[in-house]
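Letter by letter, the chains look like this.
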There are 2 protein chains.
Amino acid sequence: MSKHWVYAFKAGQADGDASMKALLGGKGANLAEMSSLNLPVPAGFTITTEACVHYYQNNSELPAGLVDEVETNLAHLEKTTAKGFGDVANPLLVSVRSGARASMPGMMDTVLNLGLNDATVEGLTALTGDSRFALDCYRRFITMYSNVVLGVNHHSFEDILDDHKDRLGVTIDTDITAKDWERIIADYKAMVKSELGRDFPQDPKDQLWGAIRAVFGSWMNDRAKFYRKMHDIPEDWGTAVNIQSMVFGNMGNTSATGVAFTRNPSTGDSDLYGEFLLNAQGEDVVAGIRTPQALTKKAREDMGERSLSMEESLPEVFAQFKTTVDTLENHYRDVQDVEFTVEQGKLYMLQTRNAKRTSKAALKIAVDMAKEGLITPQEALMRIDPGTLDQLLHPMLDPKADKTVIAKGLPASPGAASGKIVFTAEDAVRYAAAGEDVILVRDETSPEDIKGMYAAKAIVTARGGMTSHAAVVARGMGRPCVSGAGEMQIYAERGEFASRGQTYRHGEIITLDGSTGEIMKGAIRMIEPDFSEDFHQIMAWADDYKRLDIRANAETPADARTALGFGAKGIGLCRTEHMFFDEDRITAVREMILADDEAGRRKALAKIEPMQRKDFTELFQIMDGLPVTIRLLDPPLHEFLPHTEEDIAHVAETSGIGADKLYKRTKELSETNPMLGWRGCRLGITFPEIYESQLNALFNAAVDVLEGGGDPHPEIMHPLVATQEEMAKLSALTHDVAKIVFAARGKTLAYKVGTMIELPRAALMANRLAETAEFFSFGTNDLTQTTFGISRDDSGRFLNPYIEKGIFEKDPFVSLDQDGVGALIEMAVAKGKATRPDIKLGLCGEHGGDPASIAFCHKVGLAYVSCSPYRVPVARLAAAQAAIAANSQ
Amino acid sequence: MSKHWVYAFKAGQADGDASMKALLGGKGANLAEMSSLNLPVPAGFTITTEACVHYYQNNSELPAGLVDEVETNLAHLEKTTAKGFGDVANPLLVSVRSGARASMPGMMDTVLNLGLNDATVEGLTALTGDSRFALDCYRRFITMYSNVVLGVNHHSFEDILDDHKDRLGVTIDTDITAKDWERIIADYKAMVKSELGRDFPQDPKDQLWGAIRAVFGSWMNDRAKFYRKMHDIPEDWGTAVNIQSMVFGNMGNTSATGVAFTRNPSTGDSDLYGEFLLNAQGEDVVAGIRTPQALTKKAREDMGERSLSMEESLPEVFAQFKTTVDTLENHYRDVQDVEFTVEQGKLYMLQTRNAKRTSKAALKIAVDMAKEGLITPQEALMRIDPGTLDQLLHPMLDPKADKTVIAKGLPASPGAASGKIVFTAEDAVRYAAAGEDVILVRDETSPEDIKGMYAAKAIVTARGGMTSHAAVVARGMGRPCVSGAGEMQIYAERGEFASRGQTYRHGEIITLDGSTGEIMKGAIRMIEPDFSEDFHQIMAWADDYKRLDIRANAETPADARTALGFGAKGIGLCRTEHMFFDEDRITAVREMILADDEAGRRKALAKIEPMQRKDFTELFQIMDGLPVTIRLLDPPLHEFLPHTEEDIAHVAETSGIGADKLYKRTKELSETNPMLGWRGCRLGITFPEIYESQLNALFNAAVDVLEGGGDPHPEIMHPLVATQEEMAKLSALTHDVAKIVFAARGKTLAYKVGTMIELPRAALMANRLAETAEFFSFGTNDLTQTTFGISRDDSGRFLNPYIEKGIFEKDPFVSLDQDGVGALIEMAVAKGKATRPDIKLGLCGEHGGDPASIAFCHKVGLAYVSCSPYRVPVARLAAAQAAIAANSQ
């Protein structure tokens, strides 16, 4: 019955293991696992996520028993380390870190060196013989604790430090003597007291509980909330708290701290990759304040650096480290991202986790590992987040384009982007909201900048390495990033930066290439990406395992070719209205709309028909042997008319149609709710000659292609059907036109007629629709709009507040609402099959490119999904994952 | 296996009976029934509706066997009548009439005197000794047959007749001699031949089959289609054809023809009521060409007429007639509408059917018959069409109002109306479509005028009696009508009429009172109607049998009082936004909308809150002890702002709000699809202070009423909920405000919190919504819009074509779509009850006043429906009928 709130670990022994991430958080579970593997992990213990959940469910009260369990484990830790918590002579110092089930880098708070006070700092001095070191630890602890736990602004500490530096005439921290640190620490404490009205806590136990509560509290800070929203992490998971004995990478030049990846997280190359700093504490590497050194000699040489690598400067420890991380990669069967510290020549592992990686690296690593036999092809497929494939598929800089490089930094996150320069996260958010592409340019980024980074197309920093905050977060988000572009001098407050003797202002356009680290002036021409072998291997495996076909939404020959190149198995949605907007056609379309009667409409349609026939011919040729689903005219007619008085005057002048008539008809056709108006098949029912003409064009086009030796597979889709009577009439019209065309041409070919299911009523009546519809294609954009009663165009004012307030988990226009809209789809699938067991079922809304929605489509038994051409590979992979996940259940 | 296409009848014997209306049509079934009752029915036979259906399903081919069956029956008829079809010496003449399952008066075509030709007309002369009579019959037959069967315009005959009259110097038909009729007939035949290129058919068999096909064909004429649409009669029922031996009411002064009702169809008084014409054929009465005489002495005296009644002029036949119709009323247990002919002193019954009646008469007849023990109270309730109750509930002329009577006619259909004078059906349709109230003024009406009569508020005719076309149709439609206002001279082509020395022009306003027959100048003040005892009796019986409660949609004290007077059991929908439009409030509302932040909004809301509190107090007081469902603010905020530049300038001037700010905010808030926009609870979630203020007002109002000794039952309804998260948040907000108000006031009271189900997703997720919603009210207006994806505002362009093309059986905004929207309602009911078995369920869309929709609500187990105050009695009756119908199954 008794529940454990605390799990201990020490080298060779642990209460938990790697499978217990939900309870111990990722960090805690992996610390336990590493301990069990007998790797050198500083001893400690983990407070479970359940304790945090309990804390939030009970009005910030700690669960009963927690205090006792912490006391007991602390006593064990004292025994293991042979130190005493608060022992003046031999003080035990600990770190207190958050650790959630999913990694949330930089989102949560950490306190190091806890246990120091005015007395134990003396003990640390005595033990290490280094009063400067001890005092440096103490001042760091005061700063960090005051900021994280007590809520004192870190600028207050920086101001005091700056004043002392001015007084002393020094510029860097390492030039400050122990004596001076003592005075600074005294000022720190005085400031804290004056700000808070009480002394900085001297009792280590008080410090510890303050820190534990602060970690719990950090789960609900704004950055954490935003990160969770962005990464779909549920709010009720809570965070664990890891309390671990301190080791020091800042105890002189045989000490060091660093981070490493067992393979290159940017390229996927299977070389140990990372950075370290001699005589530093862990936070120094991540914060990007000092530029770190390479781990291996090869990496150093590749980068053309001089400072010795860890392999060269600490060869023995490096050898032990290399063995350790190889063990970890083999044990976890995935690339590991580790943190380590060397304390006076002794290695300690502080963390291991599966490494975040770029899409390109993810592909390469998955393929390499599968080929190495470390994982299976199915596992390789499951390792890749389909959403991130996107960045591989978008245009990159045209190598032949002229470019003026204005600065160069580290290639921190691949991809290229152009946009206007902004210097603050707030500006990035504001300009992006207004539809502008922006590049966020910063000295360095911090967790506060997260929203701005998300809003920006790309990120540039002047400082920090490949594992700096900016680099890690940008890679995670799929944003191109160049970090550590030290030649840039950034004057954010003036809204400009200088580089190579030139000044660039807020709003000017730059381009960056996150794969080379180059920053260029203006917008550079982009080209289609060149796909790696790994990409093709993954796609081939995906095709082996997926059951869903992937089609594309395309209406132009260019889009159709792109889609085919990306592996689309046909067109799932060709929107014919897009063919009506061409400049040489719109006049005829308007003539049709302005006609007084059917005869007038037929006359105008006769001009459009040959052009549509040519369009369809091309699409059938490109998609030879594959289905092409053609949706007949859908938008309300007023969309084709000019709307403002100026536009009307202009159109009248250029088209020769009278302005009065144009104005009158535009007014007549205007609608209060065009989304719910005279559109879709309602046009085809009221003006059958419109659909008749389109059908004529498409059947003649199909026969043209057939006669040319091609193999056209038209599927005719009627939009916005709500009743079986509509479907029956439209089916009959379709078959009638087909019969006439086939008779006239003396040829016949197979085709299908069906409907979009995009209204709730269509889903409810699907059994009746299936009487005459041979296929259903779920139009989930409109189905979402009508099921929720939300106009996508007008949802801006409440959709974001709704997501922020937790009413929507996700934007239902991005990821299918499986509970509501999904229920209608399931109903329609069942009803459609009941009437017509071999009915063809697909989906052609935006959701067709969303992995979660694709998994749903697989689950409910659709035959295909159709998405935009660039999303086709994403969808192929997601479909394979859905099939693999379903089989493994 | 062999199917009969023909059913015979003759006095004392019939193949069919009254229960076979579907097969034999109403007329045929009742002719059979009357024959079986041994009443004097001219012998004949009926071709079934199935033959007509077969005809339409088989490309206008007659079913196999029909010709033989008709031949056989014709032979029997010859035997029964001892005449021969085409027998020159003793010719059998027949009438050929349509007869559908439901009565469609004047909609279908009829041919009399069929069997006459150049030879048999001589036989008829010989038999009757009256060549003028025989020739009159023949010329009538030629005219009717040529028009109905051969498609010759009747004006062509009128022109020939007029020429002859001019030539002869006579004005009325009866002054034309036999000799002259011969010449006219010769001209008729010559004209037919020249128009059609062939002779008028002389073979009686050809005549017969031509007529049968014409009756089948008349089922699909425009008038019939329109009538069916108006009365919800399915197109696939078809019509029967009745072929009956002719009897003649025009064989001198012991002959007559007439129509009668066993009780007064206008008032319901239990006096024999009707009209007859001596020496006339049946069509003369209905056509309103001669003004007919009363049946009874009493009626004649009441009307102050001189021409003798039938009771006086044909006393023996009258006595036989009276016994016959009494038998019929007792047999059918309902008021009968009969047609009869007296041929040289011998009575023949040509038709009987349940009589159409005014709402007032329907009430009285049902109540009287129940009290007489002829029917049960349940039957009495089932006898009344709830839809027609409406006309009793609307305002009537204020007896104290000044009025200038400009003409007087017959009180043909009760109710009062004012409107602009129009003289053609086309004008009536056109003006009504533009939103004008019009009164259709005609010499007499004909079936071609049906659309215009429907469009008009009321109808006036200068000619015709109480059973003229105008009178019958107007009563059926519930339109007030004054017929036979002979003092009016109508000059339709000049657009004016004259009466009592004054001229009235097209577009001038008149008022008529269909209960008195008065026509008045200008618009007369109306008052609330005074309800009859019968009305109260029916309502009392309805309340005994119904299970649904009826509430009203009301927000003003006046509406609430009206609703209470009509028997509403509370308010089912109080739309609070209506309280925001008052002139003294709208400025504060706009201030709220224009506020820059929550504080600004709260400041403006504080001004509105006391006014809302007063509104709610009044409603709770009026609805003391009854539930009042208050819907929180629903429309998008831009509805409260001015829209045109002029309006903005005006509002800016009067309100003191800057025009720029107004303009900017109006633009900001404008929406592409406001129906699907930022409205309903989306306002309450994003700006909770709005709902908070409304809740404050309503809970304080409830406590005010409680303190005053009242018994308020507030039910708080949150609109447009789509997710359980919204519902949970809004429930919590409601309970929070209640707690605070109750604590502050030191009082507490019961209330409910719930939601409208008006989005498909709400229905789909009803189980989750019911976790925090204590009631559901189906908002079927919006639910219909979103389920169909049809904006009511924009549906005009396709809704009518859709109904005409048979895609919609009925306008789904008028009568609930039980298949689609109904499926969602059933789903929500089941899901809601699964979570909360005692959940309160109601409906508050426009459908709450529609009988078919109410029957659905009863069936799916709702607790109440809410409708507009005037519809409450309709709904009470419909609810009783639904319960009775359900129990009898």
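The shown structure was predicted, so the numbers you read here are calculated from the model rather than taken from an experiment. (Residues numbered from 1 in each chain as written. Chains lettered and ligands numbered in written order. Predicted model: local features only at pLDDT ≥ 70, side-chain atom pairs only at ≥ 80, totals over all residues. Heavy atoms only, no water.)

A.B. asks: I tried to follow the sheet that holds strand 28 (residues 713–718) of chain A on my own but got confused; where do I start?
C.D. replies: Sheet strands pair via backbone hydrogen bonds, and the direction of the pair is either parallel or antiparallel. All names here are of chain A. Here we have 8 strands rolled up into a closed barrel, ordered 25-26-27-28-29-30-31-32, and parallel in their pairing. The average undirected angle you get between the axes of adjacent strands in this sheet is 25 degrees. Bridge count for strand 29 (residues 752–757) against strand 30 (residues 775–778) is 4 bridges, and the pairing is parallel. What sits directly across from Met756, in strand 30, is Ser777. Where helix 35 (residues 872–887) meets the sheet, it contacts strand 25 (549–553) and strand 32 (864–867), and its direction lies at approximately 155 degrees from that of strand 25. (Pairing = 2+ DSSP bridges. Helix = DSSP H or I, 4+ residues; strand = E, 2+ residues; numbered from the N terminus. Axes fitted to C-alpha atoms, helices over the stretch in contact; angles between N-to-C directions. Contact = heavy atoms within 4.5 Å.)

A.B. asks: Where do I start with unusual backbone geometry in this structure?
C.D. replies: Glycine aside, the phi torsion of most residues is negative, and most peptide linkages are trans. Residues and elements named next belong to chain A. Positioned with a positive phi, Ser60 is a non-glycine residue whose angle comes to about 60 degrees. Given a relative accessible area of 35%, Ser60 falls into the partly exposed group. A positive phi angle, near 55 degrees, is found at Arg333, a position not held by glycine. By the secondary structure assignment, Arg333 is in the loop between helix 13 (315–332) and strand 10 (336–343). Under the relative-accessibility criterion, Arg333 is labelled partly exposed at 30%. (Buried < 20%, exposed > 50% of the residue type's maximum accessible area, 1.4 Å probe, protein only.)

A.B. asks: Looking at this structure, I do not really get the domain arrangement of chain A. What am I missing?
C.D. replies: Accessible area lost when the parts come together is the quantity often used to give the size of an interface. Taken domain by domain, chain A comprises domain 1 (6–245), domain 2 (256–354), domain 3 (402–524) and domain 4 (550–574 + 626–634 + 691–884). Here the C-alpha centre of domain 3 of chain A lies 33 Å away from the C-alpha centre of domain 1 of chain A. (Domains from an automatic or database assignment.)

A.B. asks: How should the interface of chain A and chain B be read in this particular structure?
C.D. replies: Every contact between the two is made by 48 residues of chain A and, on the other side, 48 residues of chain B. Between chain A and chain B, a total of about 4200 Å² is buried, with carbon and sulfur atoms accounting for 61% of that surface. Residue Arg761 of chain B is joined to Asp817 of chain A by a salt bridge in which the shortest nitrogen-to-oxygen separation is 2.7 Å. Where chain A packs against chain B, one counts 23 residue pairs in polar contact (both at pLDDT 80 or more). Where the side of chain A that touches chain B is concerned, the elements lending two or more residues are helix 25 (659–669), helix 26 (681–686), helix 28 (724–745), helix 29 (760–764), helix 31 (780–788), helix 32 (796–804) and helix 33 (821–835) of chain A. Along the lines of polarity and charge, the residues of the side of chain A that touches chain B split into 23 nonpolar, 12 polar and 13 charged. (Buried area = accessible area lost by both parts, 1.4 Å probe. Salt bridge = Lys/Arg side-chain N within 4 Å of Asp/Glu carboxyl O. Polar contact = N/O pair within 3.5 Å; in protein donor to acceptor, adjacent residues only side chain to side chain. Nonpolar A, V, L, I, M, F, W, Y, C, P; charged D, E, K, R; others polar.)

A.B. asks: Where do I start with the UniProt feature "active site" (unreviewed entry) in chain A in this structure?
C.D. replies: Residues and elements named next belong to chain A. The feature "active site" (unreviewed entry), as given by UniProt, occupies His469 and Cys844 in the numbering adopted here. For the annotated residues, spread through 376 residues, the largest C-alpha to C-alpha distance comes to 38.4 Å, inconsistent with a single compact locus. In this fold, His469 is placed in helix 19 (residues 469–477). Counting through the fold element by element, Cys844 comes out in the loop between strand 31 (840–843) and helix 34 (851–860). The exposure class of Cys844 is buried, given its relative accessible area of 2%. (UniProt positions renumbered as here; feature names shortened; annotations may be inferred.)

A.B. asks: When you look at the pairing of strand 28 (residues 713–718) of chain B in this model, what are you seeing that I'm missing?
C.D. replies: The two faces of a sheet get side chains in turn, since along a regular strand they alternate between them. Residue and element names in this part refer to chain B. With 5 of its 6 residues buried, strand 28 lies for the most part within the structure. Pairing geometry for strand 27 (residues 627–631) and strand 28, over 5 bridges, is parallel. Note on strand 28: the bridge partner recorded for Ile630 is Ile716. Each parallel crossover has a hand, and for strand 28 linked through helix 28 (residues 724–745) to strand 29 (residues 752–757) it is right-handed. (Right-handed = clockwise from strand over helix to strand, strands pointing away.)

A.B. asks: Would you take a moment to explain the environment of Glu518 of chain A for this structure?
C.D. replies: Residues and elements named next belong to chain A. Along the polypeptide, Glu518 turns up in strand 23 (residues 518–521). You can call Glu518 buried: its relative accessible area is 15%. Glu518 sits 107 residues away from Pro411 along the chain, and the two C-alpha atoms are 7.8 Å apart. Beyond its immediate chain neighbours, meaning those up to four positions away, Glu518 contacts Lys403, Val405, Ala407, Lys408, Val482, Thr511, Leu512 and Asp513.

A.B. asks: Which parts of the structure should I look at to understand the pattern of salt bridges?
C.D. replies: Think of it this way: side chains of opposite charge can pair up when their charged atoms draw near. Counting across every chain of the model gives 102 salt bridges over all chains. Among the salt bridges present, the one from Lys840 of chain A reaches Glu715 of chain A, with a minimum N-O distance of 2.8 Å. A residue pair is termed long-range when its members are at least 10 positions apart, and Lys840 of chain A in strand 31 and Glu715 of chain A in strand 28 qualify at 125 residues. Residue classification places Glu715 of chain A among the buried positions, given a relative accessible area of 4%. A salt bridge links Glu329 of chain B to Arg263 of chain B; the shortest N-O distance between them is 2.8 Å. On the criterion of sequence distance, the pair formed by Glu329 of chain B in helix 13 (residues 315–332) and Arg263 of chain B in the loop between strand 7 (256–261) and strand 8 (273–278) is long-range, its members being 66 residues apart. The pair formed by Glu329 of chain B and Arg263 of chain B is uniform in burial state, with each residue classed as buried. Linked through salt bridges whose partners overlap, the residues forming this network are Glu577, Arg631, Asp634, Arg679 and Asp782 of chain A.

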